[in-house]
Amino acid sequence: MIHQFDTIIVGSGGAGLYAALEASCKSKTAVLSKLYPVRSHTGAAQGGISAALGNVEEDKPEWHAFDTVKGGDYLVDQQAAKILTEEAVQAVYDLENRGLPFNRTPEGRIDQRRFGGHTRNFGEGPVRRACYAADRTGHMILQTLYQQCIKNDVSFFDEFQVVDLILEGTVCSGLVVVELATGELHIFAAKAVLFATGGFGRIFKITSNAYANTGDGPAVCARRGIPLEDMEFYQFHPTGIMGLGILISEAVRGEGGILRNRDGERFMERYSPTLLDLAPRDIVARSIQTEVLEGKGIRGDGKIDDYVHLDATHLGADVLGTKLPDITGFCKTYLGINPADKPIPVLPTAHYAMGGIPTDTDGRVLLDKDGTVVDGLYAAGECACVSVHGANRLGTNSLLDLVVFGRRAGLHIADYVNQAAMPAVDESDAAGAQSWIGRLTDGSEGPHGGYISDEMQTTMMEKIGIYRNERDMAAAVQEIKELRQRYDTVRVQDSSKQFNTDLLELIELGNLLDLSLITAESALKRQESRGAHSREDYPERDDDNWLKHTLAYLDGDEVRLDYKEVDTSIWEPKPRSY
Ligand SMILES: Cc1cc2nc3c(=O)[nH]c(=O)nc-3n(C[C@H](O)[C@H](O)[C@H](O)COP(=O)(O)OP(=O)(O)OC[C@H]3O[C@@H](n4cnc5c(N)ncnc54)[C@H](O)[C@@H]3O)c2cc1C
């Protein structure tokens, strides 16, 4: 079946819905989502969205931009960070005007709290910059935007999973999509397509990410010749629930929670004397891992799965109940403890992809280091790389990225589609997807994908984790290549057509394997330590050789790497200290 829309948005998280909202003001817009829209991972975002409103203490967008650049270890494109932080203020007020129920100060203004790496006056001390709705900020954003999209008559295709992109040279013409309910393949022709498919934490064993976070957008693009940028930079959030990886928001530390080792010591005093527990995430995650490996974890056995304590007992049941109710609930459900009485056992968890589909500040997808644009193709949100997060994202800057760059992409699309012609597509454009699905479902016997998935996640966790080295990463590349070969023999165990989640998970596994390979290769080649990419064999940042973005092209079984300049037009890179 062939459908036609001016604009198609893939993904109904914060980025997709904001873009849809703007694009639908001027064009016939559809949103495709493999999930029911408000189940998108944005709904799991807890802690807040940053903006220098200055509601509870002095703050400026310029300080916010500086923190973003420094937090990203100077791999951030600085003009993009300037846009992010300047447009943040209006973006938050827009959300408020659209109905988002933020927490309030006693005077009725939007309340703000502390978050890691956000400082006043270029690093003097922590500042209250995160606007929040208890610890359900993402949930509120999603509900607010979804309502507004319904009001704007956006067409929603729920439980439609995109499996391929149709490109004619450097022009995008549409998508190939599986309908979950029927198993049928659909072709969507569009003047503009925007990917907003979110993250891919599922390449790792322990992650805060939902099961659906399988990086479909970046993988589909990579297979069509589009490079992926800075994929070696994957953020581990310091505080996941031990053993499970479920997130304990940084808001707990923002409200005053303290990390302690087995001696009860506030160990962050040694690693970050100024910002302590609210240092950027790469630093806190490494500090926890170092404590654990040195035998100062709570068990004290020096094993990598040992943990530390996040102590929120002194915050009191009132603060926990009103500002962190969901976190309190998670602790009760998954750990059987009340954080008002006992410290929370935590360990770093794979959390956020700084890298992704390269775009300019209007969301247009870029094909190479010279900035060649793919006409009609856009990306925004976690699957994209603008790049405002550089080598390490600051907490609360992702929700902001969604609304600022989702909105900018939507506005650009609205203009673009009004002068572009509807591209021609036909059934033959589905051939690639048909042969992939045909192979997976041809009725022959093949291994189950579950084992491959498990091995991939273990390899990535152990060898492309918080600390990295040449030997492990080279081994990871080999292991992932072998897993990709084994993937060529997998078959579905369930041959039904309707709601065949077995098939869809196998397709997702193919995506995860492609992204694992690209991540591992990009990491192996970067011979320095910067932000979340921390190498035992190259412990220093090396601006002379490595102040550049990676562009990785998937070429069959190989990954070809190229590099592009970083925009450092505002602040000269300096060593980071906190
Ligand atoms: C537990 C948790 C807490 C977080 N807390 C915060 C926070 O407090 N502040 C902050 O700034 N950031 C936070 N983050 C990060 C932030 O929430 C995410 O980066 C952000 O929500 C991603 O939004 P998105 O719009 O890019 O994608 P998502 O919200 O992940 O949505 C992706 C969409 O794409 C669709 N999709 C995916 N693949 C396909 C396909 N093949 N076909 C069709 N549709 C597809 C999905 O159905 C979904 O609708 C948190 C993340 C997690 C995991």
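S.K.: Can you walk me through the environment of Asp77 in this structure?
M.R.: By secondary structure assignment, the location of Asp77 is in the loop between helix 2 (61-71) and helix 3 (78-97). Taking the relative accessible area as the measure of exposure, Asp77 reaches 10% and is therefore buried. Each residue touching Asp77, except ones within four places of it in the same chain, is listed here: Val386, Ser387, His549, Glu565, Val566 and Asp567. Among the polar contacts made by the side chain of Asp77, one reaches the main-chain amide nitrogen of Asp567 at a distance of 2.9 Å.

S.K.: What is the right way to look at the packing of aromatic side chains in this model?
M.R.: Each pair of aromatic rings is reported with the distance of its centres and the angle of its planes. Within this structure, the stated rule accounts for 16 aromatic pairs. Ring centres of Phe5 and Phe157 lie 5.8 Å apart, and the angle between their planes is 85 degrees; on these two criteria the pair is classed as edge-to-face. Placement of Phe5 in strand 1 (residues 2-10) and of Phe157 in strand 6 (residues 155-158) is noted, with a sequence separation of 152 residues between them. A residue is classified by how much of its surface remains accessible, and Phe157, at 16% relative accessible area, is buried. Summarising the aromatic geometry, the rings of Phe267 and Tyr271 are spaced 6.3 Å apart at their centres and angled 90 degrees between planes, so their arrangement reads as edge-to-face.

S.K.: It is not clear to me how the site of the ligand should be interpreted in this structure. Could you clarify?
M.R.: As a structural note, the neighbourhood of the ligand is formed by 38 residues, with Ser40, His41, Thr42, Gly47 and Glu382 the closest of them. Here Ser40 contributes a side-chain N or O atom positioned 2.7 Å from an oxygen atom of the ligand. For the ligand, an oxygen atom lies 2.7 Å from a polar atom in the backbone of Leu399. Its free accessible area being 1000 Å², the ligand has 98% of it covered by the protein chains.

S.K.: Just checking my understanding: could you explain the pairing of strand 21 (residues 548-555) for this structure?
M.R.: Remember that side chains alternate between the two faces of the sheet whenever the strand is regular. Here strand 21 lies mainly inside the structure; 6 of its 8 residues are buried. Across 2 bridges, the pairing between strand 10 (residues 228-229) and strand 21 is antiparallel. Looking at strand 21, one finds that Glu229 is bridged to Leu551. Of the strand pairs in this sheet, strand 21 and strand 22 (residues 558-565) are connected by 8 bridges, and their pairing is antiparallel. Across the sheet, residue Thr550 finds its bridge partner in strand 22, namely Tyr563. Two successive antiparallel strands, strand 21 and strand 22, enclose a turn made up of 2 residues, where Gly556 displays a positive phi of approximately 65 degrees.

S.K.: Would you mind showing me how to read the sheet that holds strand 4 (residues 112-120) here?
M.R.: Within the open sheet, the 3 strands sit side by side as 3-5-4. Their pairing is antiparallel. Each having just a single partner strand, strand 3 (49-50) and strand 4 make up the two edges of the open sheet.

S.K.: Sorry, what's going on with the pattern of salt bridges here?
M.R.: Where charged atoms from two side chains of opposite charge come close, those side chains can pair. Applying the stated criterion across every chain, the model contains 54 salt bridges. We note a salt bridge from Arg484 to Asp557, for which the minimum N-O separation is 3.5 Å. Within this pair, whereas Arg484 is found in helix 14 (residues 470-487), its partner Asp557 is found in the loop between strand 21 and strand 22, the two being separated by 73 residues in sequence. Where salt bridges share partners, they join Asp73, Glu232, Asp282, Arg286, Arg526, Glu528, Arg530, Arg541, Asp543 and Arg576 into one cluster.

S.K.: I keep staring at the nonpolar core and nothing clicks. Help me out?
M.R.: If you look at soluble globular proteins, the nonpolar side chains tend to sit buried side by side. One finds Leu165, Leu175, Phe195, Ile357 and Leu377 to be the most contacted residues of the largest nonpolar core, which totals 82 residues. Among the elements that line this core, the one with the most residues is helix 15 (residues 501-525), at 13 residues. Grouped together as the second largest cluster of nonpolar side chains are 49 residues, Leu21, Val154, Val403 and Ala420 included.

S.K.: Help me understand the sheet that holds strand 11 (residues 234-241) in this model?
M.R.: By definition, the strands of a sheet pair up through backbone hydrogen bonds, in either a parallel or an antiparallel sense. Ordered by their spatial adjacency, 4 strands build an open sheet running 11-14-13-12, and the pairing between neighbours is antiparallel. Of all strands in the sheet, those with a lone pairing partner are strand 11 and strand 12 (258-260), marking the two edges. On average, adjacent strands in this sheet sit at an angle of 45 degrees to one another, irrespective of strand direction. For strand 11 and strand 14 (residues 344-353), the ladder comprises 6 bridges, and the chain directions are antiparallel. Looking across to strand 14, one finds that Gly240 is bridged to Leu347. Against the sheet, helix 8 (residues 281-293) contacts strand 11, strand 12, strand 13 (308-311) and strand 14, and its axis sits at roughly 60 degrees relative to strand 11.

S.K.: Hey, could you run me through helix 2 in this one?
M.R.: Note: α-helices contain 3.6 residues per turn, so residues at a spacing of three or four share the same orientation. The buried fraction of helix 2 is high, at 9 of 11 residues. Of the positions making up helix 2, those classed as buried are Trp63, His64, Ala65, Phe66, Asp67, Thr68, Val69, Lys70 and Gly71. Residues of helix 2 that are buried in the fold lie against strand 3, helix 3, strand 4, strand 5 (125-131) and helix 11 (397-417). Positioned one or two residues after helix 2, Asp73 has a phi angle of 55 degrees, which is positive.

S.K.: Quick question: what am I supposed to make of the packing of helix 14 against helix 15 here?
M.R.: Think of two packed helices as two axes; the pair is described by the angle between the axes and how far apart they sit. Where helix 14 meets helix 15, the closest approach of the two axes is 9 Å, and the angle between their N-to-C directions is 155 degrees. One element, helix 14, and the other, helix 15, form an angle in the roughly antiparallel class. Between helix 14 and helix 15 lies a crossing of left-handed hand. Each of Glu470, Met473, Ala474, Val477, Ile480, Lys481, Leu483, Arg484 and Tyr487 in helix 14 lies in contact with helix 15, whose residues at this interface are Leu506, Ile507, Leu509, Gly510, Leu513, Asp514, Ser516, Leu517, Ala520, Glu521, Ala523 and Leu524. Of the residues assigned to the contact of helix 14 with helix 15, the class counts are 14 nonpolar, 2 polar and 5 charged.

Reading the values: the criteria
- Residues numbered from 1 in each chain as written.
- Predicted model: local features only at pLDDT ≥ 70, side-chain atom pairs only at ≥ 80, totals over all residues.
- Heavy atoms only, no water.
- Helix = DSSP H or I, 4+ residues; strand = E, 2+ residues; numbered from the N terminus.
- Buried < 20%, exposed > 50% of the residue type's maximum accessible area, 1.4 Å probe, protein only.
- Contact = heavy atoms within 4.5 Å.
- Polar contact = N/O pair within 3.5 Å; in protein donor to acceptor, adjacent residues only side chain to side chain.
- Phe/Tyr/Trp six-rings, centres within 6.5 Å; stacked < 30°, edge-to-face > 60°.
- Near = heavy atom within 4 Å.
- Areas by Shrake-Rupley, 256 points an atom, 1.4 Å probe, with all protein chains shown as cover.
- Pairing = 2+ DSSP bridges.
- Salt bridge = Lys/Arg side-chain N within 4 Å of Asp/Glu carboxyl O.
- Core = buried A, V, L, I, M, F, W, Y, C linked by side-chain atoms within 4.5 Å.
- Axes fitted to C-alpha atoms, helices over the stretch in contact; angles between N-to-C directions.
- Parallel < 35°, antiparallel > 145°, perpendicular 65-115°, else oblique.
- Left-handed = near helix turned anticlockwise from the far one by under 90°.
- Nonpolar A, V, L, I, M, F, W, Y, C, P; charged D, E, K, R; others polar.

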